[in-house]
Amino acid sequence: DAGMRDTASSAKPLRIETAGRAELGEAEAASLWEYRDDHGDAQGPFTAGKLASWLVQGHVQPTRGVRAYTGQGPATGMPSMRGAFSPMWETPPFAGLLDHRMPP
């Protein structure tokens, strides 16, 4: 996960197209997500397109926890109402991007 310092503000939406695999449409690719780093801290937000490209290229493992970014929490001064992290391999829109499913 090293080198993932680009934030959503610098990331352009990607259309991930892989033969025989699911695709991310433009709206999905532009949605914002956070991932949990090795220390348990939330990193992001990043576009789904950026995270999907890291996943497909092998820069993040499919077991990496992700959650939708709501824009709430300490940085905004609003109460945190974010959901739990779920592994990328079972979380739409990332779930269909790999050739195989991870075991439960």
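As a reminder, the structure under discussion sits directly above these lines.
First, a word on what this report is: a plain description of the structure on this page. Per chain, the residues get numbers from 1 upward, laid out in the order the sequence is written. Owing to the predicted nature of the model, reporting of local features is limited to residues with pLDDT of at least 70; listing and counting of side-chain atom pairs is limited to 80 or more, with chain, interface and lining totals taken over all residues. Think of the side-chain values as coming from all heavy atoms in the structure, minus any hydrogens and water.

Quick look at the overall build of the chain
For clarity, the cut-off: Strands are runs of DSSP state E lasting at least two residues, helices are runs of H or I lasting at least four, and both sets are numbered from the N terminus onward. Partly exposed describes any residue whose relative accessible area lies between the buried limit of under 20% and the exposed limit of over 50%, with all areas from a 1.4 Å probe on protein chains only and scaled to the type maximum. Here a residue-residue contact requires only that any non-hydrogen atoms of the pair lie within 4.5 Å.
Along its length, the chain carries two helices and four strands. Counted from the first residue to the last, the chain has its helices and strands arranged as α-β-β-α-β-β. Here the chain holds 104 residues, and 38% of them are scored as buried. By sequence separation, contacts in the chain at least 24 residues apart represent 56% of the contacts at least 6 residues apart.

Section: the sheet that holds strand β4 (residues 86-87)
Just so we agree on the cut-off: Any two strands are treated as partners once DSSP identifies two or more bridges connecting them. In this analysis, axes come from line fits to C-alpha atoms, helices being fitted only over the stretch in contact, and the angle between any two N-to-C directions falls in the range 0 to 180 degrees.
Taken in spatial order, the four strands make up an open sheet running β2-β1-β3-β4, and their pairing is antiparallel. In this open sheet, the two edge strands, each paired with only one partner strand, are β2 (42-47) and β4. Sheet topology places strand β1 (residues 32-36) next to strand β3 (residues 65-68); three bridges connect them, and they run antiparallel. Its bridge partner lying in β3, Glu34 is registered against Arg67. Each of β1, β2 and β3 touches helix α2 (residues 48-57); the most contacted strand, β2, lies at about 105 degrees to it.

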